[in-house]
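This is what each chain is made of:
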Amino acid sequence: MDKDLKDIFLNALEEHQQKLLRICSVYARDDDDTQDLFQEVLINVWRAMPSFKGNASIGTWMYRITLNVCLRIRSKEIKKQRKMLRLDSIRVISLQNESRDNGMDAKLMKLRSCIKTLNDADKAVITLYLEELPYKQISVITGLRENTVAVKIKRIKTKLLNCINEMS
């Protein structure tokens, strides 16, 4: 890969890394799973760099790849789960973030939990919305029309609010 593509990749990664990680976290079971997904995303972005045409911003292009990788891996996991029994009863609790505001953590945990209950299409839309992407960019990434994105976001917000209220 030539130096220009490498520089573009590294600059784009520096700028969008946290957003890509947050998108991965929505589709992951835990922090380790998030890191695995993120690595898979980086591999796919790196491999696709020569095909980047610049028709969309590099960030939009990376978000699309991220969602596609997350959805593809999730689909594979669902197929695998049908064949195997998962043992989710064992959980290790991380104590490193004890200094955070417990009230805010609880709200964030409820929101994340509710987002994980959404279907994959809604999960993608709301994740991009929470990353403060404009409807037009969400439309480009997801392939939905802008008006459809706006309607979906309104409906998803209602679903999430109901879910959070049911948890309280």
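> Honestly, the nonpolar core in this entry has me stumped. Any pointers?
Proteins that are soluble and globular tend to have nonpolar side chains buried together. In this structure, Tyr 27, Val 45, Trp 61 and Leu 128 are the most contacted members of the largest nonpolar core, which totals 42 residues. Within the residue set of this core, elements represented by two or more residues are α1 (3–27), α2 (31–48), α3 (58–83), α4 (102–116), α5 (120–130), α6 (135–142) and α7 (146–167). Among all residues touching Tyr 27, those that are not within four sequence positions of it are Asp 33, Leu 37, Leu 67, Cys 70, Leu 71, Arg 74, Asp 120, Lys 123 and Ala 124.

> How should I be thinking about the pattern of salt bridges in this particular structure?
Overall, the coordinates contain 6 salt bridges when judged by the stated rule. Measuring nitrogen to oxygen at the nearest pair gives 2.8 Å for the salt bridge that ties Asp 120 to Arg 74. Of this pair, Asp 120 sits in helix α5 while Arg 74 sits in helix α3, and the two are 46 residues apart along the sequence. The partly exposed category is assigned to Asp 120, whose relative accessible area is 26%. Of the charged contacts, one joins Lys 152 and Asp 122 as a salt bridge, the two residues approaching to 2.8 Å between their closest N and O atoms. Separated by 30 residues along the polypeptide, Lys 152 in helix α7 and Asp 122 in helix α5 bring together distant segments of the chain.

> What should I look at first to understand the confidence of the model for the chain in this one?
In low-pLDDT segments, the atomic positions of the prediction should not be examined closely. For the chain, per-residue confidence averages 86 on the pLDDT scale, and residues scoring 70 or more make up 86% of the total. The lowest-confidence element of the chain is α4, averaging 85 in pLDDT; the highest-confidence one is α2, averaging 95. When the criterion is pLDDT under 50, residues 85–99 qualifies, and its contacts beyond four places in sequence or with other chains add up to 4 contacts.

> Would you take a moment to explain the environment of Leu 160 for this structure?
Looking at the element boundaries, Leu 160 is found in helix α7. Under the relative-accessibility criterion, Leu 160 is labelled buried at 7%. Sequence separation of Leu 160 and Leu 111 is 49 residues, and the distance between their C-alpha atoms is 7.2 Å. With residues up to four places along the chain from it excluded, the contact list for Leu 160 reads Leu 111, Cys 114, Ile 115, Leu 118 and Ile 126.

> Could you clarify how one ought to interpret a negative patch on the surface in this entry?
On the surface, a cluster of negative charge is contributed by Asp 30, Asp 31, Asp 32 and Asp 36. Mapped onto the fold, Asp 31 is located in helix α2. What makes Asp 31 exposed here is its relative accessible area of 63%.

> Quick question: what am I supposed to make of the packing of α1 against α5 here?
Helices that pack against each other are described as a pair by the angle of their axes relative to one another and the distance between those axes. For the pair α1 and α5, the least separation of the axes is 10 Å and the interaxial angle reads 150 degrees. Regarding the angle of α1 to α5, the classification is roughly antiparallel. Judged by the twist between their axes, the crossing of α1 over α5 is right-handed. Two secondary-structure elements touch here, α1 through Ile 23, Val 26 and Tyr 27 and α5 through Asp 120, Lys 123, Ala 124, Thr 127 and Leu 128. In terms of residue class, the contact of α1 with α5 is built from 5 nonpolar, 1 polar and 2 charged.

> Sorry if this is basic, but what is going on with unusual backbone geometry here?
Most of the time, phi is negative for any residue but glycine, and the peptide bond is trans. At Glu 132, a position not held by glycine, the phi torsion is positive, near 65 degrees. Considering the arrangement of structural elements, one finds Glu 132 in the loop between α5 and α6. What makes Glu 132 exposed here is its relative accessible area of 72%.

Reading the values: the criteria
Residues numbered from 1 in each chain as written. Predicted model: local features only at pLDDT ≥ 70, side-chain atom pairs only at ≥ 80, totals over all residues. Heavy atoms only, no water. Core = buried A, V, L, I, M, F, W, Y, C linked by side-chain atoms within 4.5 Å. Buried < 20%, exposed > 50% of the residue type's maximum accessible area, 1.4 Å probe, protein only. Helix = DSSP H or I, 4+ residues; strand = E, 2+ residues; numbered from the N terminus. Contact = heavy atoms within 4.5 Å. Salt bridge = Lys/Arg side-chain N within 4 Å of Asp/Glu carboxyl O. pLDDT = per-residue confidence, 0-100. Patch = residues over 30% accessible without salt bridge, like charges linked within 9 Å, V, L, I, M, F, W, Y side chains within 5 Å. Areas by Shrake-Rupley, 256 points an atom, 1.4 Å probe, with all protein chains shown as cover. Lys, Arg positive; Asp, Glu negative; His and termini not counted. Charge placed at Lys NZ, Arg CZ, Asp CG, Glu CD. Axes fitted to C-alpha atoms, helices over the stretch in contact; angles between N-to-C directions. Parallel < 35°, antiparallel > 145°, perpendicular 65-115°, else oblique. Left-handed = near helix turned anticlockwise from the far one by under 90°. Nonpolar A, V, L, I, M, F, W, Y, C, P; charged D, E, K, R; others polar.

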